[in-house]
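The primary structure of each chain is shown beneath.
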Amino acid sequence: MNKPARGSLLGIEHLEEKEILGLLRLARGMNPLKARPLLRNQRIALLFYEASTRTRSSFEVAAKSMGAITVLVLSSGSSIEKGESLLDTGYTLRAVGADLIVIRHPSAGAPLMMAQHLDIPVINAGDGMHEHPSQALLDAFTILKHKKSFQGLRVAIIGDLYHSRVARSACHLLSKVGVKVTLCGPPELVPEFATTLAPGLSITRHIEEALRGADVIMLLRVQQERLAGKKIHLQDYMARYQMTTGRLKLAKRDAIVMHPGPIIRGLELTSEVVDGPQSVIVDEVRNGVPTRMAILARALGKAN
Amino acid sequence: MEGLTRIEAMTNPKSKPGSMLIKGGHVIDPSARIDALMDVLLRDGVVAEVALPNKIRGADDNFDAHGLIVAPGFIDLHVHLREPGQSYKETIRSGTAAAAAGGFTSVCTMPNTAPVVDNAEWVTWLRNPERGAVVNLFPIAAATLNSRGAALTDFAALQRAGAVAVTDDGKPILEDEIMRAALRLGAQLNLPVVQHAEDTRLTENASMHEGPTSFRLGLRGISTAAEANIVERDVTLAQQIRESRLHVAHLSTSDALKAVRRGKRAKARVTCEVTPHHFTLLDEDVGEYNTNFKMNPPLRSATDREAILVALADGTVDAIATDHAPHATHEKEIEFERAAFGITGLETAVALAITKLHREHKIPLARIVELFTAGPARVFDLRGRGSLARGDHADVTIFDPQKRWRFEAGKSRSLSHNTPFDGWQLTGKVVATIVGGKMLHRAD
């Protein structure tokens with residue numbers, strides 16, 4: 001076991017505020033359409049053990065726009081299917097010449113384990129229910145685009161936090177930059193001990209309370225495929241927590257509505273909210289590219 | 001030399017035990033309420049005499065025990081020695097060598113092997129001297145066929161073959177009707193039913209204690225209710241079924257202890273054991289997905305550990321048991337959620353008890369010795385074990401309660417090294433382990 005290589009991004013929890021702000025500044029300077037070939041001849045392996053649309057494509061576009069060579073390895077159609085272990089897959093990619101590995105994995109902690117056994121940077125593109133740091137960074141990037149500064153902001157995170165790696169990373173990030181965060185949902189999806197994750201978090205079971213005075217509303221999908229024993233009645237959930245245009249009026253007039261996707265129209269939010277003027281959901285996806293360019297450039301030491 | 005060990009050939013039938021006089025030691029035998037400087041004479045494989053210093057003479061061998069505690073041989077009610085079928089993790093030979101090094105003269109083996117020990121033939125196979133056990137081995141057999149929780153095994157035949165209890169350890173007996181039937185049959189035969197208390201309907205894909213740490217790491221949690229609900233149900237059944245005997249394995253939660261106390265107050269025959277890792281570590285010690293801190297039941301909260309410490313001191317807990325669960329590197333050096341549950345424990349249990357329970361929490365040594373001797377002997381009726389009465393088996397554990405040492409997993413006698421205690425500085429060291437009058441382990 002070794003310390004993860006410099007430039008690795010395994011989670012937000014262990015980042016310092018100035019590293020976060022540095023990455024956001026770097027992302028602001030990135031233009032995917034007019035990118036400098038900072039990563040020419042660098043080999044980036046995209047190792048995906050789980051399905052992904054947004055994250056995978058935006059990491060790939062980010063890498064290629066800076067001149068990197070990318071190799072996509074999926075769990076199906078590779079030796080992983082034959083039972084190769086995670087670490088052996090990592091050693092193999094390293095031996096092929098990878099300079100960096102972007103990994104998405106269903107097991108929490110898998111990217112850390114890989115980073116502790118390799119001498120190249122590892123970027124966590126989502127591990128189980130643990131963290132999704134690049135998503136939190138692109139969300140912060142999106143907030144800054146619309147709100148100019150984190151100072152004094154109030155953010156409401158509503159929905160299935162328990163199963164959400166996006167929510168965990170977002171809580172860490174927003175807490176570190178001094179934002180007040182209200183978590184909202186039923187106890188099955190927002191357990192009492194969720195507030196122990198980071199300083200500055202509070203819980204309410206009432207969406208009206210969460211929305212009042214909010215500058216940013218982050219919605220999360222109910223991850224029905226992961227419920228495993230927890231019982232959620234979707235009708236009840238929608239009655240209490242669905243984001244509607246009516247409820248949106250409780251937030252500040254210039255509040256923005258965010259969602260990491262995939263969205264389920266008619267469940268955690270209505271189509272009117274998705275397509276409404278306060279929604280920045282598509283913008284989040286767009287911001288994924290410059291944010292991930294910044295992450296990759298920093299990881300490979302080409303950030304200046 | 002630190003850690004020097006000599007394991008004499010137990011398997012050599014010519015080396016008959018002669019007599020041995022253990023002189024000058026401080027004898028602690030809770031079953032006889034002895035806690036004083038005494039000499040102990042072992043002869044022909046049994047305890048011949050325990051007397052005030054310098055009253056006994058004329059033994060073939062003398063053991064100078066000045067400054068040491070001399071206790072009845074320690075008993076571990078819960079070990080996984082992995083035979084039959086998983087000898088890449090551990091064998092009876094290697095596992096009992098680890099037991100001897102750790103001060104245990106008797107171990108009770110769990111039946112969740114491959115195949116499961118669910119018939120008399122496998123019980124006999126385990127007890128065959130050809131397996132190479134260097135300490136006393138008492139098999140615990142499966143309570144249901146293939147431990148599937150559906151049909152009871154033949155308790156009477158298993159008992160005749162030498163099983164001291166039945167369990168589906170590793171899994172619970174979930175169905176009320178099956179558990180009731182097991183306790184009933186156990187009651188007829190005076191055979192304890194050991195329960196791994198976990199409502200597995202609540203713990204699907206869970207890998208550690210449910211709380212702030214599991215939430216932070218994004219791991220599914222094993223709630224305290226998953227254990228306590230089953231223990232509450234079982235204690236209620238034990239109260240209803242006359243003469244039934246329930247033993248709660250590796251109890252880890254405050255709520256389960258409440259249920260055990262309720263049963264004991266009602267005079268039901270309910271006993272329980274606690275592991276060294278549960279009285280030593282907390283869920284937060286999992287750190288950043290360290291799989292050597294992954295076991296089932298999981299490390300719990302500070303509140304649970306506090307309750308366990310109280311129960312160890314006040315007599316609610318009957319025994320300390322290791323749940324020694326060896327696993328190969330390839331089963332542990334993988335993703336946390338996929339890694340095997342379990343840690344080794346035979347070589348660290350006694351030192352952890354002395355370091356944590358005695359020195360840190362001021363539990364008297366006599367109580368700790370009881371938790372390793374008279375307590376466990378009572379739980380499974382191991383006659384002639386756990387005490388130094390005249391005629392008892394000449395099983396003796398001798399330890400230095402002051403000695404500081406460093407545990408190194410790499411030097412373990414176990415075939416596996418999956419322990420969270422590698423490199424730990426501990427106080428209290430086993431100096432000699434004597435089984436049937438023979439010195440099996442000797443450290444300076």
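Residues numbered from 1 in each chain as written. Chains lettered and ligands numbered in written order. Predicted model: local features only at pLDDT ≥ 70, side-chain atom pairs only at ≥ 80, totals over all residues.

1. Considerations on the overall build of chain A
Piece 1. A count of helical and extended segments in chain A gives 11 helices and 9 strands.
Piece 2. In summary, chain A has a C-alpha radius of gyration of 19 Å against a globular reference of 19 Å for 304 residues, a match within 12%.
Piece 3. Sorting the 304 residues of chain A into buried and exposed places 49% on the buried side.
Piece 4. When contacts within chain A are restricted to residue pairs at least 6 apart in sequence, those whose partners lie at least 24 apart make up 76%. (Helix = DSSP H or I, 4+ residues; strand = E, 2+ residues; numbered from the N terminus. Rg over C-alpha atoms; globule rule 2.2 N^0.38 Å. Buried ≥ 20, exposed ≤ 12 C-beta atoms within 10 Å, placed from the backbone. Contact = placed C-beta atoms within 7 Å.)

2. A closer look at the overall build of chain B
Piece 1. Across its full length, chain B carries 13 helices and 18 strands.
Piece 2. Relative to the 2.2 N^0.38 estimate, which gives 22 Å for 444 residues, the radius of gyration of chain B is 21 Å and therefore close to what a compact globule would have.
Piece 3. When its C-alpha atoms are laid out on the principal axes, chain B stretches across 60 × 45 × 40 Å.
Piece 4. Out of the 444 residues in chain B, the part that is buried amounts to 59%.
Piece 5. Partitioning the contacts of chain B with sequence separation of at least 6, the portion at a separation of at least 24 is 76%.

3. Structural notes on the domain arrangement of chain A
Size of an interface: often given as the accessible area lost when the parts come together.
Residues and elements named next belong to chain A.
Piece 1. Each assigned domain of chain A is listed with its residue range as follows: domain 1 (17–129 + 288–299) and domain 2 (134–285).
Piece 2. The C-alpha centroid of domain 2 is placed 26 Å from the C-alpha centroid of domain 1.
Piece 3. Listing elements by their share of the side of domain 1 that touches domain 2, those giving two or more residues are α1 (17–28), α2 (54–65), β4 (122–127) and α11 (281–299).
Piece 4. Here the side of domain 1 that touches domain 2 takes 5 residues from α1, the largest share from any one element.
Piece 5. Split by residue class, the side of domain 1 that touches domain 2 holds 7 nonpolar, 5 polar and 4 charged. (Domains from an automatic or database assignment. Nonpolar A, V, L, I, M, F, W, Y, C, P; charged D, E, K, R; others polar.)

4. Re the pairing of strand β13 (residues 245–248) of chain B
All names here are of chain B.
Piece 1. Side chains Arg 245 and His 247 of β13 all project onto a buried face; the interleaved residues Leu 246 and Val 248 project onto the opposite face, where all are buried too.
Piece 2. Pairing of strand β10 (residues 193–195) with β13 involves 3 bridges; the strand directions are parallel. Its bridge partner lying in β13, Val 194 is registered against His 247.
Piece 3. In terms of handedness, the path from β13 via helix α7 (residues 254–265) over to strand β14 (residues 269–274) forms a crossover that is right-handed. (Pairing = 2+ DSSP bridges. Right-handed = clockwise from strand over helix to strand, strands pointing away.)

5. Focus: the sheet that holds strand β3 (residues 100–105) of chain A
All names here are of chain A.
Piece 1. In spatial order, the strands read β2-β1-β3-β4; together these 4 strands make up an open sheet with parallel pairing. Since the sheet does not close on itself, it has two edges, and those belong to β2 (69–74) and β4, each with one partner. Each strand of the sheet is rotated relative to its neighbour by a mean of 15°, with strand direction disregarded.
Piece 2. Note that strand β1 (residues 43–48) and β2 share 6 bridges and pair parallel. Residue Leu 47 lies in a different strand from β2, and its bridge partner there is Val 73. (Axes fitted to C-alpha atoms, helices over the stretch in contact; angles between N-to-C directions.)

6. Thoughts on the sheet that holds strand β8 (residues 136–142) of chain B
Residue and element names in this part refer to chain B.
Piece 1. Overall, parallel pairing links the 8 strands, which are arranged β6-β7-β8-β9-β10-β13-β14-β15 in an open sheet. Among the strands making up the open sheet, the edge pair consists of β6 (74–79) and β15 (319–320).
Piece 2. Against the sheet, helix α1 (residues 92–101) contacts β6, β7 (104–109) and β8, and its axis sits at roughly 135° relative to β7.
Piece 3. Contacts from helix α2 (residues 120–127) reach β7 and β8, with the element oriented near 165° to β8.

7. Re the interface of chain B and chain A
Piece 1. On the chain A side, the residues contacting the 18 residues of chain B number 21 residues.
Piece 2. Of the residues belonging to the side of chain B that touches chain A, the class tally is 8 nonpolar, 3 polar and 7 charged.

8. What to know about helix α11 (residues 349–360) of chain B
Piece 1. A large share of α11(B) lies buried, amounting to 9 of its 12 residues.
Piece 2. Lys362(B) sits one or two residues past α11(B) and shows a positive phi near 60°.

9. A look at the domain arrangement of chain B
Residue and element names in this part refer to chain B.
Piece 1. In terms of domains, chain B is made up of domain 1 (19–70 + 393–414 + 428–442) and domain 2 (72–379).
Piece 2. The partner domain 2 presents 32 residues to the 22 residues of domain 1 that form the contact.
Piece 3. If you list the elements that add at least two residues to the side of domain 1 that touches domain 2, you get β1 (19–29), β16 (396–406), β17 (425–435) and β18 (438–442).
Piece 4. With 5 residues, the single largest contributor to the side of domain 1 that touches domain 2 is β17.

10. Points about the nonpolar core
Piece 1. Among the nonpolar cores identified, the biggest contains 123 residues, and Val40(B), Val70(B), Val135(B), Val166(B) and Val260(B) are the most heavily contacted of them.
Piece 2. Per-element accounting of this core gives the leading share, 7 residues, to α11(B).
Piece 3. Here Val260(B) is in contact with Val231(B), Val235(B), Val248(B), Leu251(B), Val270(B), Cys272(B) and Thr316(B), once residues within four sequence places are set aside.
Piece 4. Residues Leu47(A), Ala110(A), Leu189(A) and Leu296(A) belong to the second largest nonpolar core, which totals 109 residues. (Core = buried A, V, L, I, M, F, W, Y, C linked by C-beta atoms within 7 Å.)

11. Some words on the packing of α1(A) against α11(A)
All names here are of chain A.
Piece 1. Two elements in contact, α1 and α11, have axes separated by 8 Å at closest approach and are oriented at 115°. With respect to the hand of their crossing, α1 and α11 are arranged in right-handed fashion. Here Leu 23, Leu 26 and Ala 27 of α1 lie close against α11, whose contacting residues are Pro 290, Thr 291, Ala 294, Ile 295, Ala 297 and Arg 298.
Piece 2. Residues belonging to the contact of α1 with α11 are distributed by class as follows: 7 nonpolar, 1 polar and 1 charged. (Left-handed = near helix turned anticlockwise from the far one by under 90°.)

12. Some points on the packing of α1(A) against helix α5 (residues 133–147) of chain A
Residues and elements named next belong to chain A.
Piece 1. Across the interface, α1 lies against α5 with an axial gap of 10 Å and an inter-helix angle of 65°. Considering their axes alone, α1 and α5 lie roughly perpendicular with respect to each other. The crossing of α1 and α5 is right-handed. When α1 is examined against α5, the residues Leu 23, Leu 24 and Ala 27 are found in contact with a partner set consisting of Leu 137, Ala 140, Phe 141 and Leu 144. (Parallel < 35°, antiparallel > 145°, perpendicular 65-115°, else oblique.)

13. Considerations on the pairing of β7(B)
For a regular strand, side chains alternate in direction, first toward one face of the sheet and then toward the other.
Residues and elements named next belong to chain B.
Piece 1. In terms of residue burial, β7 counts as a mostly covered element, since 6 of its 6 residues are buried.
Piece 2. Of the pairings in the sheet, the one linking β6 to β7 comprises 4 bridges and is parallel in character. Along β7, the bridge assignment pairs Asp 76 with Val 107.
Piece 3. Tracing the backbone out of β6, into α1 and back to the parallel element β7 gives a crossover that is right-handed.
Piece 4. When β7 meets β8, the two strands line up parallel, connected through 4 bridges. Note that in β8 the partner of Thr 109 across the bridge is Pro 139.

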